[in-house]
Amino acid sequence: KQEVTQIPAALSVPEGENLVLNCSFTDSAIYNLQWFRQDPGKGLTSLLLIQSSQREQTSGRLNASLDKSSGRSTLYIAASQPGDSATYLCAVRPRETSGSRLTFGEGTQLTVNP
Amino acid sequence: DTEVTQTPKHLVMGMTNKKSLKCEQHMGHRAMYWYKQKAKKPPELMFVYSYEKLSINESVPSRFSPECPNSSLLNLHLHALQPEDSALYLCASSQWTQETQYFGPGTRLLVL
């Protein structure tokens, strides 16, 4: 059974810092991995999706990497801003035929202080 | 347009009530999902529809009844819920079942 772990559970940083969020998964037979952000009481916003054949994806100040063999992904946020404060979730999608079931981590709650 | 809409935003219902949650997308996506999310926990998959047919039911109690009337619309019918069913209910859609999922803002449900 796939298990996804995110470390740290919570992170508080001053504005302007570069930071790294970590995601690890136990079964490397994945189809892809997706990073989301969620603001309190809101839905999830997709940030980046990395296919299993890819090593990284970039969008603006965000860079996500994937090392499938070691079961790890990182989300790098450059020059953090207060507006980045949210919970960040990673989710893996299995390689099985249906591929519908996302397994989520518990999330990292990020606070960026002005 | 990458928007998934959900109505209502908030819902309070008694344990004997019948209500429905609605989800809509106009992105031409062929897969739609219902998730349940409790506070400070990740979303839990409930149902998956692929091409308007139910493809996954994650052993959800029958008091939750999904319906997909057409490719743009997904409903979740609620009947005889329990207080522990109070949660944020999220709808999502994707082009195919293995592609990026786009989430709606959710319906905050409180069962009294």
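Further up the page is the structure itself.
Quick look at the structure, then.

We now examine the interface of chain B and chain A. Taken together, the 22 residues of chain B in the interface contact 26 residues of chain A. In total, chain B and chain A occlude about 1,700 Å² of area from one another, counting both sides; carbon and sulfur atoms represent 48% of this. For the chain B face of the interface with chain A, the top three residues by lost area are Pro42(B), Gln98(B) and Phe103(B), together amounting to 32%. For the pair chain B and chain A, the interface holds two salt bridges. Linking Lys41(B) and Glu106(A) is a salt bridge whose minimum nitrogen-to-oxygen distance equals 3.6 Å. For the pair chain B and chain A, the interface holds four residue pairs in polar contact (both at pLDDT 80 or more).

Once that is clear, we can look at the pairing of strand β5 (residues 44-50) of chain B. All names here are of chain B. Of all seven residues that make up β5, five are buried, and the element is covered over most of its length. Two elements, strand β4 (residues 31-37) and β5, share six bridges in a ladder whose sense is antiparallel. By the bridge assignment for β5, Ala31 is matched with Ser50. Following β4, the chain reverses through six residues before pairing antiparallel with β5; Lys40 in that reversal takes a positive phi of roughly 60°. As paired strands, β5 and strand β6 (residues 53-57) are joined by four bridges and run antiparallel to one another. Residue pairing across strands places Ser50 opposite Lys53, the latter belonging to β6.

Here the focus is the packing of aromatic side chains. Scanning the model with the defined rule gives seven aromatic pairs over all chains in all. Ring centres 6.1 Å apart and planes at 25° place the aromatic pair Tyr51(B) and Trp96(B) in the stacked group. One end of the pair, Tyr51(B), is in the loop between β5 and β6; the other, Trp96(B), is in the loop between β9 (87-94) and β10 (102-103), with 45 residues separating them in the sequence. On the accessibility criterion, Tyr51(B) (42% relative accessible area) is partly exposed. Look at Trp96(B) and you get partly exposed, because its relative accessible area is 42%. Clustering of aromatic rings is evident, with ring pairs tying together Phe36(A), Phe104(A), Tyr33(B), Tyr35(B) and Phe103(B).

Here is what the cut-offs are and how they apply
- Residues numbered from 1 in each chain as written.
- Chains lettered and ligands numbered in written order.
- Predicted model: local features only at pLDDT ≥ 70, side-chain atom pairs only at ≥ 80, totals over all residues.
- Heavy atoms only, no water.
- Contact = heavy atoms within 4.5 Å.
- Buried area = accessible area lost by both parts, 1.4 Å probe.
- Salt bridge = Lys/Arg side-chain N within 4 Å of Asp/Glu carboxyl O.
- Polar contact = N/O pair within 3.5 Å; in protein donor to acceptor, adjacent residues only side chain to side chain.
- Buried < 20%, exposed > 50% of the residue type's maximum accessible area, 1.4 Å probe, protein only.
- Helix = DSSP H or I, 4+ residues; strand = E, 2+ residues; numbered from the N terminus.
- Pairing = 2+ DSSP bridges.
- Phe/Tyr/Trp six-rings, centres within 6.5 Å; stacked < 30°, edge-to-face > 60°.

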